[in-house]
Amino acid sequence: MYGQRMMRRLSWSAAALLTASLLIMNTAELRTLAQDVINLFSQAESDEWEYELTPEPRYFFAEVLIDSQATFENARSLVDFVIPEPTVPEPYALSYFVIKGPFVVIGYHHSADGSPYYTPEPNSLAIQIRDCAALEATDDACVERRIGASAEITRIDLGNGVQAQYVAGHWIDPETGNIGSIVGSGTAVQVWNNDYPFHHLQWEHAGLMYSIITTNPRLNQADLAAIAISMMDQVAP
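Residues numbered from 1 in each chain as written. Predicted model: local features only at pLDDT ≥ 70, side-chain atom pairs only at ≥ 80, totals over all residues. Heavy atoms only, no water.

A.B. asks: Describe helix 3 (residues 221–235), with residues and values.
C.D. replies: Taking 1.5 Å of rise per residue, the 15 residues of helix 3 would be expected to cover 21 Å, and the 21 Å separating its terminal C-alpha atoms lies within 8% of that figure. Of all the residues in helix 3, the buried ones are Leu224, Ala225, Ile227, Ala228, Ser230, Met231 and Met232. Structurally, helix 3 contributes buried residues whose contacts are with strand 8 (125–131), strand 10 (154–159), strand 11 (162–168), strand 14 (199–205) and strand 15 (208–214). At the N-terminal end of helix 3, a side-chain oxygen is found 3.0 Å from the backbone nitrogen of Ala222, two or three residues along, and the residue is Asn220. (Helix = DSSP H or I, 4+ residues; strand = E, 2+ residues; numbered from the N terminus. Expected span 1.5 Å × (residues − 1). Buried < 20%, exposed > 50% of the residue type's maximum accessible area, 1.4 Å probe, protein only. Contact = heavy atoms within 4.5 Å. Polar contact = N/O pair within 3.5 Å; in protein donor to acceptor, adjacent residues only side chain to side chain.)

Dropping the structure here:
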């Protein structure tokens, strides 16, 4: 019973972080080329966004690995692609894997948090890897991320011919000042805040899409780039 409760808690914790990333997805536009560089973020025309709420969460997880099961060896046995083991800054430690087919979330626990299975908003750190060729063409996991008109995209060279894109900030509820939900009925309005402590680094390599997401205000683009480079050093020629 305890294990089942913990699995549900972990699934909802991971879902909350995924909701944050889903809120900056643009489900209307496909990926385009600009100046021979693939854009992984889609710039909106304003810093206000009205969108349709969905009646239920979009992701239901098939596999959750925690405790002694949360190893890269076990996670790799469940997918058809390489999951590189990142080097993350202290005091982060591997906490869980959430896997649904070709979509993997790697969660890290910050030692300042009370439970290894839940990362409170100020310290969350997660890495997503997905095989877009194996997902449906309209799957949100592989659609451009929508960002505000005032957001800045920073391009970062990860070496080995791999280019990443970094964006700070997020869409927030103008009334609460926090990230809103995508679940409900009717429509909702979000406004873009460049100062919101949400950092997102994203890149593509060999048919896979990678994302590093954190709400830790003490981490910056250099920290995320270092994590990304540690991953690419294992998979890029």
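A.B. asks: Quick rundown of the nonpolar core? Include the residues and the values.
C.D. replies: In this structure, Ile83, Phe97, Ile106, Ile129, Leu201, Trp203 and Ile212 are the most contacted members of the largest nonpolar core, which totals 35 residues. If you tally residues by element for this core, the top one is helix 3, at six residues. Among all residues touching Leu201, those that are not within four sequence positions of it are Ile156, Ala164, Gln165, Tyr166, Tyr210, Ser211, Ile212, Leu224, Ala225 and Ala228. Grouped together as the second largest cluster of nonpolar side chains are 15 residues, Ile147, Val167, Ile182 and Met209 included. (Core = buried A, V, L, I, M, F, W, Y, C linked by side-chain atoms within 4.5 Å.)

A.B. asks: Provide a residue-level description of the packing of aromatic side chains, including the pertinent values.
C.D. replies: Counted under the stated rule, the structure contains five aromatic pairs. Ring geometry for Phe72 against Phe97: centres 5.0 Å apart, planes inclined by 90°, an arrangement best described as edge-to-face. Of this pair, Phe72 sits in helix 2 (residues 72–76) while Phe97 sits in strand 6 (residues 92–100); the two residues are 25 residues apart in sequence, bridging distant segments of the chain. Both residues of the pair, Phe72 and Phe97, count as buried. An aromatic cluster is built from Trp49, Tyr51, Trp171 and Trp192, whose rings are joined through pairwise contacts. (Phe/Tyr/Trp six-rings, centres within 6.5 Å; stacked < 30°, edge-to-face > 60°.)

A.B. asks: Help me get a handle on the environment of Pro174, residues and values and all.
C.D. replies: Structurally, Pro174 is set in the loop between strand 12 (170–172) and strand 13 (187–193). The exposure class of Pro174 is exposed, given its relative accessible area of 51%. Pro174 sits 17 residues away from Val191 along the chain, and the two C-alpha atoms are 6.2 Å apart. Non-local contacts of Pro174, meaning those with residues more than four positions away in its chain, are made with Val189, Gln190 and Val191.

A.B. asks: Report on the sheet that holds strand 10, specifying residues and quantitative values.
C.D. replies: Spatially, 5-6-7-8-15-14-11-10 is the arrangement adopted by the eight strands of the open sheet, whose pairing is antiparallel. Lying at the two open borders of the sheet, with one neighbouring strand each, are strand 5 (63–65) and strand 10. Strand-to-strand twist across the sheet, computed as the mean angle between neighbouring axes with direction ignored, equals 20°. Lying on the sheet, helix 3 is in contact with strand 8, strand 10, strand 11, strand 14 and strand 15; it crosses strand 14 at an angle near 25°. (Pairing = 2+ DSSP bridges. Axes fitted to C-alpha atoms, helices over the stretch in contact; angles between N-to-C directions.)

A.B. asks: Which residues make up the pairing of strand 7 (residues 103–110), and what values do they have?
C.D. replies: Moving residue by residue along a regular strand, the side chains alternate between the two faces of the sheet. Within strand 7, eight of the eight residues are buried, which leaves it mostly tucked inside the rest of the structure. In the sheet, strand 6 pairs with strand 7 via eight bridges, with the strands oriented antiparallel. By the bridge assignment, Tyr92 is partnered in strand 7 with His110. The loop that links strand 6 with its antiparallel partner strand 7 comprises two residues; one of these, Gly101, has a positive phi angle of about 60°. Relative to strand 8, strand 7 runs antiparallel, the two being bridged by six bridges. Within strand 8, the residue paired with Val104 across the bridge is Ile129.

Read these as geometric descriptors, not functional statements.
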